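Commentary on secondary and tertiary structure
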2 protein chains.
Amino acid sequence: MSIFTRTNLHINTRPVLEINLNKLLNNYKMLCEVIAPATPSAVVKDDAYGLDAAVVAKTLYEGANCYDFWVAHAVEGAKIAPQIPGAQINVLQGIGEDSLELFEQYQLTPVISSPEMFEFWKKHQISGIRPIIQIESGLNRLGFREADLQKLSRADLKMFSMVISHLACADEKDHFMNEYQLNTFNRLRHKYFAGLPASLSASDGAFLGADFCCNMVRLGAAMYGINTAPYRQNQMENVVTVKAPVLQITDLPKGQFVGYSATYRAATNRKIAIVSIGYGDGLPRSLSNVGKVFFAVKNKLHEARIIGRVSMDNVICDVTDIEQIKVGDYGYFVFDGYTLDDVARDASTISYELLSRLGKNTRFVRNYILK
Amino acid sequence: MSIFTRTNLHINTRPVLEINLNKLLNNYKMLCEVIAPATPSAVVKDDAYGLDAAVVAKTLYEGANCYDFWVAHAVEGAKIAPQIPGAQINVLQGIGEDSLELFEQYQLTPVISSPEMFEFWKKHQISGIRPIIQIESGLNRLGFREADLQKLSRADLKMFSMVISHLACADEKDHFMNEYQLNTFNRLRHKYFAGLPASLSASDGAFLGADFCCNMVRLGAAMYGINTAPYRQNQMENVVTVKAPVLQITDLPKGQFVGYSATYRAATNRKIAIVSIGYGDGLPRSLSNVGKVFFAVKNKLHEARIIGRVSMDNVICDVTDIEQIKVGDYGYFVFDGYTLDDVARDASTISYELLSRLGKNTRFVRNYILK
């Protein structure tokens with residue numbers, strides 16, 4: 001639906017989160033072409049960055065034949081499993097006492113990243129499941145170092161179904177770390193896991209070429225519309241729209257202050273709109289006095305500034321120049337014309353964190369668009 | 001339970017959010033004494049800042065005879081209503097087409113903040129409910145301005161059960177805005193709503209004296225342990241503990257980089273711990289390279305630094321000086337010794353936003369402590 005659809009006065013109070021699953025599918029399919037012949041897989045951890053992992057996983061399973069999924073925690077795997085019968089669900093944070101039952105119940109596959117966790121696995125193996133091993137290649141996060149690999153027996157090494165690692169700087173095409181990590185990963189996997197399927201790259205690595213794609217790519221952020229190759233124009237379609245209704249339009253006389261701690265003072269008479277969204281809805285407070293909001297009034301898109309501090313439930317916008325704006329109109333905080341990447345930049349963070357925050361509560365009216 | 005309770009090696013993967021309801025009750029009762037004889041009420045909007053509004057409301061209702069609650073949205077009121085039969089639930093963002101049914105079903109009381117919303121109310125009045133009116137006193141957020149009040153008829157003015165406003169700078173004891181807002185609020189309410197119960201202050205205003213407490217104070221942030229009077233030592237007890245298990249301990253050789261974009265480089269050989277929590281769990285990414293984590297090892301509390309970027313599911317900590325730390329130990333990210341206020345300061349935000357983020361997902365193991 002066009003954001004220019006105008007209606008008569010309506011009073012609404014809830015912010016709206018719209019997730020366009022058609023565009024998510026388009027992004028996923030486009031990424032599949034980029035990485036071919038590598039096998040695609042979908043990263044739906046953190047509840048699909050807040051978009052509802054059960055909905056996203058089902059959409060990819062039914063609409064794009066995706067059968068390989070990655071979550072961070074077993075509890076996330078348990079949520080999606082009923083939607084994707086027979087698909088493989090890999091759990092990146094691995095297995096422990098607090099998740100063993102879920103692994104058994106939902107036949108989840110753990111990613112084993114430390115010798116201690118491997119010992120745990122050997123004591124609690126699950127019939128029919130062959131774990132994945134993560135090895136360290138330069139990120140210095142989770143994963144077996146070579147010293148750890150050397151301590152594994154031949155039988156140990158044979159227990160794994162896949163070897164993975166993770167890139168640190170793949171969003172910078174020419175960063176020296178990319179080549180360094182690729183070489184380290186290839187050396188270690190050929191030495192210890194010859195012939196085993198391998199996965200090194202997430203969305204950002206997908207654009208670094210076939211060498212980086214190995215056998216499987218873990219597609220996440222880019223699928224959700226984030227530009228994971230910021231050295232060039234974003235080729236993904238925007239998936240997420242966040243809008244919220246104007247609760248009040250009022251005058252702000254010259255000299256008056258706005259918001260907590262009175263951080264904004266009107267130098268001239270202004271007109272302001274109070275909009276029903278705040279950091280409680282995941283809109284970063286760091287947008288205070290710098291964020292943008294867009295209003296579609298009389299078939300024209302108007303840009304407005306957030307003035308004063310973002311509060312928990314409201315933001316205040318300067319709408320002096322938007323003549324016919326009225327109560328009930330919607331302010332657009334994320335949409336095709338001001339994407340997650342744009343908002344994240346203005347909020348001094350990254351799109352990943354922004355998306356992970358938006359929509360993690362029950363106050364949003366959630367609209368899923370599919371076909 | 002003491003954080004010094006040591007156990008044998010355990011492998012766990014999930015972060016833990018512990019909410020001490022005894023301390024929350026203590027805080028609430030202490031605040032009740034501060035504001036007496038004003039009537040206390042509890043702010044449980046934003047799902048009680050992420051702590052689960054149903055649990056918090058029930059605790060206050062049963063444990064402290066709290067019968068007046070404030071939420072932002074009707075959908076939040078609907079969640080708590082079954083837990084607190086007969087209590088009054090006021091909805092700060094007001095009423096609209098997208099919430100009318102919930103107001104009727106759960107007998108919620110809307111806060112009316114604009115002439116347009118008042119017109120809506122008059123068309124859709126709910127039997128037995130007398131709305132609250134919000135008037136503007138200097139925050140320049142939601143509320144009737146005097147020009148709006150002048151347009152209300154005598155019958156209109158009689159429809160309300162309470163008049164409220166909200167302070168902008170109450171966390172600064174001597175800020176000129178406090179006196180200005182108090183005077184504005186009192187002038188308007190006596191002129192238009194003589195004799196009507198009034199509420200001006202939230203937690204921060206509670207400490208500004210009896211004049212600011214009026215008939216009712218809306219107790220929120222301070223109840224959750226946040227210091228809303230930062231000009232003096234916090235008198236609240238810490239309610240929230242966030243901890244996460246160490247998944248791996250490993251060497252970081254001199255010269256190597258850590259985390260996304262390689263923002264940390266080891267100047268000497270270090271020992272690092274990879275801990276299972278990240279911004280997907282609400283730990284702000286702005287703690288990258290500056291945040292602190294605490295480990296209780298051998299009956300001593302050790303401070304460690306977050307090094308490199310906070311990622312979605314993990315943080316990496318420098319534990320070089322913590323000799324006997326091992327996989328399965330818990331890192332403490334929020335606790336009595338490093339409170340929400342401390343973390344928020346280090347993350348360049350406020351405790352309100354931090355608390356609102358923590359715990360808004362299903363990955364935490366949630367422990368509620370009561371009696």
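**Quick notes on the packing of aromatic side chains**
In total, this model carries 18 aromatic pairs over all chains according to the counting rule given. Ring geometry for phenylalanine 294 of chain B versus tyrosine 338 of chain B: centroids 5.2 Å apart, planes at 55°, classification tilted. With phenylalanine 294 of chain B in strand E14 (residues 292-297) and tyrosine 338 of chain B in the loop between strand E17 (330-334) and helix H11 (340-346), this residue pair connects regions lying 44 residues apart in the sequence. The same class applies to phenylalanine 294 of chain B as to tyrosine 338 of chain B, namely buried. One aromatic cluster in this structure is built from Phe294, Tyr332, Phe335 and Tyr338 of chain A. Lying over the aromatic face of tyrosine 330 of chain B, lysine 243 of chain B brings its terminal NZ or CZ to 4.7 Å of the ring centre.

**Digging into the environment of leucine 358 of chain A**
All names here are of chain A. Within the secondary structure, leucine 358 is located in the loop between helix H12 (351-357) and strand E18 (365-369). Assessed through its relative accessible area of 2%, leucine 358 is described here as buried. With 288 residues separating them along the chain, leucine 358 and tryptophan 70 place their C-alpha atoms 21 Å apart.

**Focus on the relation of the copies chain A and chain B**
Here the two chain copies are tied together by a rotation about an axis and a shift along that axis. Superposing chain A onto chain B requires a rotation of 180° together with a translation of 0.0 Å along the rotation axis, leaving an RMSD of 0.0 Å. With respect to symmetry, the two chain copies, as superposed, fit the operation of a two-fold axis. When C-alpha positions in chain A are compared against the rotation axis, the closest is assigned to lysine 360 of chain A, at 3.0 Å. A share of 100% of interface residues in chain A that are also interface residues in chain B marks the association as one of identical surfaces.

**Topic: the pairing of strand E10 (residues 240-252) of chain B**
All names here are of chain B. With respect to burial, E10 is a largely interior element, eleven of its 13 residues being buried. Summarising the sheet, strand E1 (residues 16-20) and E10 pair through four bridges and their orientation is antiparallel. What sits directly across from glutamate 18, in E10, is threonine 241. Direction of pairing for E10 relative to E17: antiparallel, over a ladder of four bridges. Paired with alanine 244 across the strands is glycine 331, a residue of E17. Where E10 meets strand E13 (residues 270-275), six bridges bridge the pair, whose relative direction is antiparallel. Note that in E13 the partner of threonine 250 across the bridge is isoleucine 272.

What counts and how
Residues numbered from 1 in each chain as written. Chains lettered and ligands numbered in written order. Predicted model: local features only at pLDDT ≥ 70, side-chain atom pairs only at ≥ 80, totals over all residues. Heavy atoms only, no water. Phe/Tyr/Trp six-rings, centres within 6.5 Å; stacked < 30°, edge-to-face > 60°. Helix = DSSP H or I, 4+ residues; strand = E, 2+ residues; numbered from the N terminus. Buried < 20%, exposed > 50% of the residue type's maximum accessible area, 1.4 Å probe, protein only. Lys NZ or Arg CZ within 6 Å of the ring centre and 35° of its normal. Least-squares fit on C-alpha atoms with pLDDT ≥ 70 in both. Contact = heavy atoms within 4.5 Å. Pairing = 2+ DSSP bridges.

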